[in-house]
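# Inside the fold
Residue-level listing of the chains:
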2 protein chains.
Amino acid sequence: MRKVTVKGVGFIPISECWERGVKDLFVEAALKAVDDAETEEIDSLYVANMGGALMQDQLNMGAIMADVIGKAGLPATRVEAGSASGGVAFHEAVKAVASGYSDCVLVGGVEKMSDVLPEVVNSSMVMTEEQEYTAYTGVTKAGLSALLHRLYLEQYATPAEIGMMAVKSHDHAVGCRHAQYPFRMSIERAMDSPMEADPIHMMECSGIGDGAAALILCPGEDGVVVDASVVATDHCSLTDREDPLNLMGVKKAAERAYRMAQVKPSDIDLLEVHDDFTINGILSLESLGFVDRGKAAKLVTNDGTARDGIIPTNTFGGLKARGNPLGATGLYQLAEVTLQLRGEAGDHQVQDAEYGLAQNMGGTGSICSVNILRGGS
Amino acid sequence: MRKVTVKGVGFIPISECWERGVKDLFVEAALKAVDDAETEEIDSLYVANMGGALMQDQLNMGAIMADVIGKAGLPATRVEAGSASGGVAFHEAVKAVASGYSDCVLVGGVEKMSDVLPEVVNSSMVMTEEQEYTAYTGVTKAGLSALLHRLYLEQYATPAEIGMMAVKSHDHAVGCRHAQYPFRMSIERAMDSPMEADPIHMMECSGIGDGAAALILCPGEDGVVVDASVVATDHCSLTDREDPLNLMGVKKAAERAYRMAQVKPSDIDLLEVHDDFTINGILSLESLGFVDRGKAAKLVTNDGTARDGIIPTNTFGGLKARGNPLGATGLYQLAEVTLQLRGEAGDHQVQDAEYGLAQNMGGTGSICSVNILRGGS
């Protein structure tokens with residue numbers, strides 16, 4: 001199996017792009033990655049996208065994007081895994097290089113959510129839950145995470161301690177030019193915001209935005225290397241899970257990834273976790289093994305996830321403040337980890353970072369990718 | 001790069017499954033493949049599906065299907081490439097094994113079209129075309145292929161010669177227990193049927209049906225081996241193509257596949273081509289290199305694609321008569337090729353077959369997979 005290295009990254013600021021289409025966004029991120037990698041010798045393409053069929057009436061985005069980046073002819077594969085599409089597509093791109101099938105892969109993710117009404121976004125998102133027993137009830141994604149949030153509140157933390165996950169993500173987004181919400185947010189503002197799905201406040205949820213991010217992968221061991229790439233799943237319905245606060249998919253993916261990279265959580269220098277709702281960021285910190293059960297909200301509250309904390313987390317603002325363009329999100333995470341490991345994170349830099357981990361989830365944790373990157377020494 | 005072998009296949013009869021859901025179909029095919037492979041040691045899953053978001057309100061089918069086959073926890077990836085989803089998912093599954101990431105992959109495809117109105121199926125299908133310049137016009141998939149059909153008629157063949165593609169596929173479906181339309185159809189019936197999109201008659205189009213097919217892939221060189229697996233793309237819009245009757249994506253995929261397998265078209269003993277419309281089957285025969293430009297309709301008419309012909313094609317009825325459940329179609333083709341190479345094709349057997357090729361297209365040829373399998377000697 002060949003080692004895989006990240007040759008280039010590119011992404012656009014997450015915002016509401018009223019004057020551009022989904023293809024425009026993808027092209028911009030792809031060309032930036034090409035510039036960054038200083039190569040045009042791309043020999044295959046992976047496209048991560050979640051809701052194009054529902055938001056742009058567009059399927060077959062592999063071929064579409066190969067064409068618009070000027071590379072019609074290339075092999076192209078669209079991967080969809082809900083909001084884990086980006087991380088899972090990266091995993092497939094890693095295999096393409098590791099296997100020898102490709103020598104230079106562009107993996108790009110895109111989602112354009114501002115074109116459609118919020119209810120279309122919401123109904124698209126809940127389609128990542130099993131339809132016949134869960135989604136058909138009319139529950140929302142926030143509603144499902146609210147069940148976990150309530151369970152956690154009963155056992156481990158106060159509302160404000162969980163809400164601090166959002167506050168800290170906003171702290172990290174300040175000055176981030178690609179973040180959708182690059183401003184501080186107080187815990188009072190979060191706690192005073194309306195309920196999205198009781199007990200989740202609106203300001204504990206990631207928002208709706210448009211974005212695209214891309215990475216270029218090649219064989220090799222120079223620069224930023226992929227030391228582990230893993231995907232795992234969990235029971236889709238919360239009622240099928242023995243212990244809903246234990247995200248089995250996250251845990252399985254992480255355990256396999258640590259084994260593959262031959263590291264332990266304490267070796268990881270920075271982390272991107274899937275904080276689409278505050279509770280999911282909290283549970284991810286625990287299921288990834290960075291803190292004991294029931295302790296993550298306190299870790300966050302006590303600045304343990306700050307850039308100079310025990311485990312620097314969501315260093316550009318995470319899903320909450322950098323933004324969460326669904327199919328592209330996992331690739332933003334991986335691009336950010338790459339910048340950190342290259343020492344190119346500017347004001348967001350985590351000092352002396354060698355290992356970075358990105359965790360991307362779909363459904364309510366029914367699918368999870370964990371990728372561990374290692375910086376050049 | 002490890003060699004990859006097909007350990008097992010499973011599929012259900014294509015029909016209108018009013019009393020079962022999309023998960024039921026997938027499970028049945030998957031369990032049949034598991035039985036056939038005599039192993040339950042599956043370590044990862046690929047799911048091919050095209051229109052679940054539109055026809056079942058279901059995204060995230062990787063995790064959903066891992067769960068319903070009783071394997072929550074496994075890595076799972078949904079691949080979508082229009083009606084080439086099956087072939088492209090197979091390609092990704094091959095890389096998973098070749099790379100060493102997986103030792104036993106289940107790749108399954110499913111599509112359930114009978115649940116929804118035909119106009120929903122049609123609008124889903126045309127979403128595999130580029131939306132902003134092509135699909136938005138209201139053209140149908142048949143309408144786009146009709147342009148190619150008309151061009152071919154002007155230069156190379158009569159309507160009946162092209163229509164023979166459908167007649168011959170029906171001949172091959174007779175006695176096939178998993179075929180949706182296992183009966184003979186005369187050329188008169190095809191030519192007398194109403195126009196679907198002039199000059200394409202209704203009886204030259206594949207129909208609407210539900211199906212699921214699965215294969216199990218492992219490392220090794222025993223039994224049926226994957227000698228080449230390639231995906232290529234073409235300009236999505238017909239107006240961007242220099243020569244619309246030359247399917248560049250098909251040609252590129254085929255050329256790379258022949259090189260990878262170190263064979264020429266004359267070494268191939270049987271063929272599954274993507275005859276969703278008669279003209280696409282005809283053009284595929286040419287672009288794959290089995291017959292010169294403009295000669296395929298005559299080859300078909302003169303029985304060159306019969307089971308004892310020059311190049312036995314669509315030996316269980318092809319998309320036209322076996323059926324075309326979109327995301328599952330490419331995996332039906334590969335399962336059928338496997339049966340042939342094992343000598344288990346019964347009345348459909350092509351004698352002494354060593355090499356089989358399956359070609360699966362999405363869009364109007366904007367994406368194409370070519371997989372070449374070799375039988376045990």
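Residues numbered from 1 in each chain as written. Chains lettered and ligands numbered in written order. Predicted model: local features only at pLDDT ≥ 70, side-chain atom pairs only at ≥ 80, totals over all residues.

In terms of regular secondary structure, chain A is built from 13 helices and 11 strands. On C-alpha atoms alone, chain A measures out to a radius of gyration of 19 Å, which is about the 21 Å that the 2.2 N^0.38 rule sets for 377 residues. Expressed along its principal axes, the backbone C-alpha trace of chain A runs to roughly 55 × 45 × 40 Å. Pairs at least 24 apart in sequence give 77% of the contacts found in chain A among residues at least 6 apart. (Helix = DSSP H or I, 4+ residues; strand = E, 2+ residues; numbered from the N terminus. Rg over C-alpha atoms; globule rule 2.2 N^0.38 Å. Contact = placed C-beta atoms within 7 Å.)

In this section: the nonpolar core. The nonpolar side chains of soluble globular proteins are, as a tendency, buried together. In terms of nonpolar packing, the biggest core is built from 264 residues, with A:Leu215 and B:Leu215 touching the most fellow members. Beyond its immediate chain neighbours, meaning those up to four positions away, B:Leu215 contacts B:Val6, B:Gly8, B:Val9, B:Ala33, B:Phe90, B:Val107, B:Leu331, B:Leu334 and B:Ala335. (Core = buried A, V, L, I, M, F, W, Y, C linked by C-beta atoms within 7 Å. Buried ≥ 20, exposed ≤ 12 C-beta atoms within 10 Å, placed from the backbone.)

Looking now at the relation of the copies chain B and chain A. Note on the copies: chain B fits chain A at an RMSD of 0.0 Å, the axial shift is 0.0 Å, and the rotation between them is 180°. Within this description, the copies of the chain are treated as partners about a two-fold rotation axis. Every residue of chain B has its C-alpha some distance from the rotation axis, and the shortest such distance is that of B:Ser99, at 1.8 Å. Most of the interface of chain B is mirrored in chain A, where 100% of its interface residues are also at the interface. (Least-squares fit on C-alpha atoms with pLDDT ≥ 70 in both.)

Residues and elements named next belong to chain A. Buried residues dominate helix α10 (residues 278-287), accounting for 10 of its 10 residues. Those residues of α10 hidden inside the fold are in contact with α6 (141-155), α7 (159-173), α9 (248-261), α11 (296-301), α12 (318-321) and β10 (355-362). Downstream of α10 by one or two residues, Gly-289 has phi in the positive range, about 95°.

Before going further, it helps to spend a moment on the pairing of strand β4 (residues 105-111) of chain A. Residues and elements named next belong to chain A. Taken across its 7 residues, β4 has 7 buried, putting it largely inside the fold. Alternating residues of β4 divide into Val-105, Val-107, Gly-109 and Glu-111 and Leu-106, Gly-108 and Val-110, and every residue in both groups is buried. Sheet topology note: the strand β2 (residues 44-48)/β4 ladder contains 5 bridges and is parallel. Bridged to Val-47 within β4 is Gly-108. Relative to strand β7 (residues 211-219), β4 is paired through 7 bridges, and the arrangement is antiparallel. Bridging across to β7, Val-110 finds its partner in Ala-212. (Pairing = 2+ DSSP bridges.)

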